[in-house]
Amino acid sequence: MTTDTTAPDQTPASTIEGPKRQRWQPDRQHVPVIATLTLLAFMYGIGVVNYEGFDDIQVVLNIFVDGAFLLVVAVGMTFVILTGGIDLSVGAVIALTTTLGATLLHAGWPAGVVLPLLLLIGTTLGLAMGAVIHYFKVEPFIATLAGMFLARGLALLINRNSIPIDNGFWVSVAQQRIRFDKGVFISSSVIVALVVVLVAAIVLAWTRFGRCVYAIGGNADSALLMGLPVARTRIAVYGISGFCAALGGVLYSFYTLSGYSLHAQGLELDAIAAVVIGGVLLAGGSGYLFGTVLGVLVLGLIQTIITFQGTLSSWWTRIVVGVLLFAFIVLQRVVTGKRAVRQG
Amino acid sequence: MTFYKHHLFWPFAVFVLLLVLNIFFSNNFFSITVHDGHLYGSLIDIARRAAPLILVGVGMTLVIATGGIDLSVGSVMAVSGALSCLLIGDLSDPGSVTGVLGAVAVALLLCLGLGVWNGFLVSVIGIQPIVATLILMVAGRGLAQLITGGQILNVTSAPYRVIGAGYFLALPVSVIIAVVVAIVAGLLTRRTALGLLLQSVGGSPAASRLAGIQARGLTWLVYVIAAVCAGVAGLIYSSNVSSADSNAAGNLIELDAILAVVIGGTALTGGRFSLSGTVLGAVLIETLNVTILSVGIPVEATLLFKAVVVVVLCLGQSPAFRERVLRRRTPAVATKEAVA
């Protein structure tokens, strides 16, 4: 380590890439995703070899069933992180959504009113945070921290106890199972999550909005000089994240059939961890939604392996996730060279 | 008419407002009484509750001054409390002063190691601070649980209890520790070149390095300081409750500490910091908590009020907000780039 990592990149990127194109190697941008995919396969292999019944197809499907809400939240977080921001409020928004939803349903409001209302509230909160971040130049960290306090505070104020949900629509959707074969099924939440992933992937890859998201993450000033709608896009990504968090909250309430102001504590970190493990650069501008999906699966697989092991306690989950985070960040560092340093 | 432009004006105004509110809503708020040679009163209470936050905040300020951030402080608190309680529990005589001092030293040494780890990731490998410290934030609490075996370790040790709940010269020991650390940090950054160097690194690490400043070493140093400060805070917390609770110790304190730093007028982008502001911020946060209790607002609303205070303070301090909404001709460039 003789080079100083904090020094600006002296060599133009083009001179590095030129001669190296002689033999085939994966695009540098794809390497983190490929690494995550390899790790996922490797972990799955370990599970199959060591534990009886691990190769059951339902084990994989259960990761989706248990992680549907996290997947949706992580999709929103990916948008925000791609612009170089961060959203700490998602866990609290889930708590607010489940609490408010359960309370309104308990009061006899029809599900057809409650569901859009919850999504609207999440989106509005996100848009408000985005506006504060963009127009008043408040750090995303602080603005979304305030959003987190606000959402969790509102949830606590509405009701500090756990409220069961017995609304007919909610229960029937929650218990809906899509069966493929005998004993092989997914929940309706998985369908919702996959639709969200699909739409988000299309938006990021093939729309003007998606390209603008990447451009802002790369360099917001350049994006502005290029004439891209920076204000609209930046506010919109926080709106998307708020919407995804609220939808994640709805899925969470399907999962637990309850509303509780302490639901999803620390979920924002799981979402950020999933995004990072998936190879999205926290400085913004680089990464794929597919990576985020893989990141969520990695987190789910760790949990599954620890459950199958039986003797390992739950705190090993945290340590393993920490080690994995470290491994992936170092990998990103190696792959992306000096780009990760000192941005944002 | 320049006093309201001082970076501590807004936080101080809110602080005074809270104190005034307390006069109306709680009896004898400002009275300080002496029982058994110890000082008691609401103000002393606020100081005691603020002590861990001040410690963590001082470390956090130095980290943020270099343009970094440390999310792992809460986990470090949990680890330090867990290890010291474990070691004291293993002592043949939990009441022996040397045994307790040894346990405390080992715990702080481990925290020092964790700080070295954080600093290594940030300064040598060059990982973004928020990500680098996220690793320890996630893994640290697992580590603390590993140390305590997932249990809440209870200790009964008179010397250990002194750290968090004891009194020295009628003052709470925890407050003395926090004040001493804050003063030492203040002297080091104001009376030596350290503060200037840190601001320089925060302003531009590359330029500082070219100017001959050991940017990497300084960056490394602040993470070590932050972790040790968090370690001491963890000792105070666990000593105060006479147990090590890996889940509750330092839970979300990183957010409160960052909040205290921001309230104190330190920019998260680095390059400009105010230790006195952080101390005021920490005291303000605890005063807010106490005020909410004494006014009789349900505890559940605490977070709501915190959110309102954060929004008001951050908008009040944002040059962009003042320019847009208040239409006051603030020289935005000058306030933002005022690097000593």
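As a starting point, this report considers the structure included with it.

1. Quick word on the overall build of chain B
Right, on to step 1. Along the backbone of chain B there are 15 helices and six strands.
Right, on to step 2. In terms of C-alpha radius of gyration, chain B reaches 20 Å, essentially the compact-globule figure of 20 Å for 340 residues.
Right, on to step 3. Counting only C-alpha atoms, chain B reaches 65 × 55 × 35 Å along its principal axes.
Right, on to step 4. Taken across its 340 residues, chain B has 55% of its residues classed as buried.
Right, on to step 5. Long-range pairs, those at least 24 residues apart, make up 76% of the contacts in chain B with a sequence separation of at least 6.
Right, on to step 6. Element-wise, carbon and sulfur atoms account for 68% of the exposed surface of chain B, whose accessible area totals about 14,000 Å².
Right, on to step 7. Across chain B, 17 positive and 12 negative side-chain charges occur, with their mean positions spaced 18 Å apart.

2. Focus on the packing of helix α6 (residues 140–158) of chain A against helix α13 (residues 302–317) of chain B
Right, on to step 1. The N-to-C vectors of α6(A) and α13(B) enclose an angle of 155°; their axes lie 7 Å apart at closest approach. One way to sum up the angle between α6(A) and α13(B) is to call them roughly antiparallel. Two packed elements cross with a definite hand, and for α6(A) against α13(B) that hand is left-handed. Facing α6(A), whose interface residues are A:Ile142, A:Ala146, A:Phe149, A:Leu150, A:Arg152, A:Gly153, A:Leu154, A:Leu156 and A:Leu157, α13(B) presents B:Leu303, B:Leu304, B:Lys306, B:Ala307, B:Val310, B:Val311 and B:Cys314.

3. What to know about the interface of chain B and chain A
Right, on to step 1. Contact with chain B, which involves 54 residues of that partner, is made by 49 residues of chain A.
Right, on to step 2. When chain B packs against chain A, the two sides together hide about 4,500 Å² of surface, and 75% of this comes from carbon and sulfur.
Right, on to step 3. Summed over the shared surface of chain B and chain A, the number is one residue pair in polar contact (both at pLDDT 80 or more).
Right, on to step 4. Those elements that provide at least two residues to the side of chain B that touches chain A are α4 (97–125), α5 (129–148), α9 (205–210), α11 (253–263), α13 and α14 (319–326) of chain B.
Right, on to step 5. Considering every element that reaches the side of chain B that touches chain A, the biggest residue donor is α5(B), with 12 residues.
Right, on to step 6. Taken together, the residues of the side of chain B that touches chain A sort by class into 35 nonpolar, 12 polar and seven charged.

4. Brief notes about the nonpolar core
Right, on to step 1. Within the largest apolar cluster, 194 residues are counted, with the highest numbers of intra-cluster contacts made by A:Phe141, A:Ile142, A:Trp170, A:Ile272, A:Leu325, B:Tyr160 and B:Ile258.
Right, on to step 2. It is helix α3 (residues 57–82) of chain A that contributes the most residues to this core, 14 residues altogether.
Right, on to step 3. What A:Ile142 contacts, discounting residues up to four positions off in sequence, is B:Ile258, B:Val262, B:Leu268, B:Val310 and B:Cys314.

5. Things to note about the packing of helix α4 (residues 90–106) of chain A against α6(A)
All names here are of chain A.
Right, on to step 1. Relative orientation of the contacting elements α4 and α6 amounts to 25°, with a least axis distance of 8 Å. The orientation of α4 relative to α6 falls into the category roughly parallel. Crossing of α4 against α6: the hand is left-handed. Contact residues: Gly91, Ala92, Val93, Ala95, Leu96, Thr99, Leu100 and Thr103 in α4; Met148, Ala151, Arg152, Leu154, Ala155 and Ile158 in α6.
Right, on to step 2. The residue inventory of the contact of α4 with α6, partitioned by class, reads 10 nonpolar, three polar and one charged.

6. Things to note about empty space enclosed by the protein
Residue and element names in this part refer to chain A.
Right, on to step 1. Tallied over the full model, the rule gives five cavities of 30 Å³ or more.
Right, on to step 2. Empty space within the second largest cavity amounts to approximately 60 Å³.
Right, on to step 3. Lining the second largest cavity, in full, are Val93, Leu96, Thr97, Leu100, Leu118, Ile121, Gly122, Leu125 and Ala246.
Right, on to step 4. Among the elements of the structure, α4 and α5 (111–135) are those that each provide at least two residues to the lining of the second largest cavity.

7. Let's talk about the side chain of B:Thr133
Residues and elements named next belong to chain B.
Right, on to step 1. Relative to the helices and strands, Thr133 is located in helix α5.
Right, on to step 2. Residue Thr133 is classed as buried on the basis of its relative accessible area, which comes to 0%.
Right, on to step 3. Within the structure, Thr133 has its side chain in polar contact with the backbone nitrogen of Leu71 (distance 3.1 Å).
Right, on to step 4. Polar side-chain contacts of Thr133 include one of 2.8 Å to the backbone oxygen of Pro129.
Right, on to step 5. Not counting residues up to four positions away in its chain, the partners in contact with Thr133 are Ile69, Asp70, Leu71, Ser72, Asn118 and Tyr223.

8. A closer look at the packing of aromatic side chains
Right, on to step 1. Scanning the model with the defined rule gives 12 aromatic pairs over all chains in all.
Right, on to step 2. Ring geometry for A:Tyr51 and A:Phe308: centres 6.0 Å apart, planes at 45°, overall tilted. Pair noted here: A:Tyr51 is in the loop between α2 (31–50) and α3 and A:Phe308 is in helix α13 (residues 289–309), with a separation of 257 residues, a long-range link.
Right, on to step 3. For the ring pair A:Phe326 and B:Trp117, a centre distance of 4.9 Å and an interplane angle of 55° mean the geometry is tilted. Here B:Trp117 lies in helix α4 and A:Phe326 lies in helix α14 (residues 315–336), a pairing that spans two chains.
Right, on to step 4. The exposure class of B:Trp117 is partly exposed, given its relative accessible area of 30%.
Right, on to step 5. Members of the aromatic cluster, each reached through a chain of ring pairs, are A:Tyr44, A:Tyr51, A:Phe54 and A:Phe308.
Right, on to step 6. The ring of B:Phe273 has B:Arg190 sitting right over it, with the charged end atom 5.6 Å from the ring centre.

9. Points about the pairing of strand β3 (residues 184–187) of chain A
Residue and element names in this part refer to chain A.
Right, on to step 1. Bridge analysis of strand β2 (residues 177–181) against β3 gives four bridges, and the strand direction is antiparallel. The residue bridging Asp181 from the neighbouring strand is Val184, located in β3.
Right, on to step 2. Where β2 folds back onto β3 in an antiparallel hairpin, the turn is made up of two residues, including Gly183, whose phi is positive at roughly 75°.

10. What about unusual backbone geometry?
Residue and element names in this part refer to chain A.
Right, on to step 1. One non-glycine residue with positive phi stands out, namely Leu257, at about 50°.
Right, on to step 2. With respect to the secondary-structure elements, Leu257 resides in the loop between α11 (230–256) and β4 (258–259).
Right, on to step 3. For Leu257, a relative accessible area of 21% translates into the label partly exposed.
Right, on to step 4. The backbone of Ala264 shows a phi angle near 55°, a positive value even though the residue is not glycine.
Right, on to step 5. Structurally, Ala264 is set in the loop between β4 and α12 (267–277).

Here is what the cut-offs are and how they apply
- Residue positions are counted from 1 within each chain, in the order its sequence is given.
- Here every chain gets a letter starting at A, and every ligand a number starting at 1, in the order they are written.
- Local features in a predicted model are, by the rule used here, given only for residues with pLDDT of at least 70; side-chain atom pairs are given and counted only at 80 or more, and totals for whole chains, interfaces and linings are based on all residues.
- Side-chain metrics rest on all non-hydrogen atoms present in the structure, leaving aside hydrogens and water.
- The secondary structure listing takes helices from DSSP runs of H or I that are at least 4 residues long and strands from runs of E that are at least 2 residues long, numbered from the N terminus.
- Our radius of gyration looks at C-alpha atoms and nothing else; its globule reference is 2.2 Å times the residue count to the power 0.38.
- We call a residue buried when its accessible area falls under 20% of the maximum for its residue type, exposed when it is over 50%, and partly exposed in between, using a 1.4 Å probe and counting protein chains only.
- Note on contacts: a residue pair is in contact if any heavy atoms of the two residues lie within 4.5 Å.
- Computed with the Shrake-Rupley method and a 1.4 Å probe, the accessible areas treat only the protein chains shown as cover for residues.
- For the charge count, each Lys or Arg is scored as positive and each Asp or Glu as negative, with His and the chain ends excluded.
- Every charge is mapped to an atom, namely NZ of Lys, CZ of Arg, CG of Asp or CD of Glu.
- Lines fitted to C-alpha atoms define the axes here, with helix axes fitted over just the stretch in contact, and angles between the N-to-C directions of these axes take values from 0 to 180 degrees.
- Any angle that falls under 35 degrees is termed roughly parallel, while one over 145 is termed roughly antiparallel, one within 65 to 115 roughly perpendicular, and all others oblique.
- The hand of a helix crossing depends on one turn: near helix anticlockwise from the far one by less than a right angle means left-handed, and clockwise means right-handed.
- A quick way to say it: buried area is the sum, across both parts, of accessible area lost when two parts are put together, with a 1.4 Å probe.
- As used in this structure description, the phrase polar contact means that two N or O atoms lie within 3.5 Å; if the pair is within protein, one of them must be able to donate a hydrogen and the other to accept it, and residues adjacent in sequence are counted only when both atoms belong to side chains.
- Each residue gets one of three labels, nonpolar for Ala, Val, Leu, Ile, Met, Phe, Trp, Tyr, Cys and Pro, charged for Asp, Glu, Lys and Arg, and polar for the others, Gly among them.
- As used in this record, nonpolar core signifies buried Ala, Val, Leu, Ile, Met, Phe, Trp, Tyr and Cys residues forming a set joined through side-chain atoms within 4.5 Å.
- Using protein atoms alone on a 1 Å grid, points that fit a 1.4 Å probe yet trap it form a cavity, whereas open point sets bounded by protein on both sides within 12 Å along at least five of seven lines form a pocket; residues with an atom within 4 Å of a point count as lining.
- Grid points are joined across faces, edges and corners, and a volume is the space filled by probe spheres set on the points.
- Aromatic pairs are defined between Phe, Tyr and Trp rings, using the six-membered ring for Trp, whenever the two ring centres lie within 6.5 Å; interplanar angles under 30 degrees are classed as stacked, those over 60 as edge-to-face, and all others as tilted.
- Here, a charge over a ring means that NZ of Lys or CZ of Arg falls within 6 Å of the ring centre while also lying within 35 degrees of the ring normal.
- We treat two strands as partners when DSSP finds at least two bridges between them.

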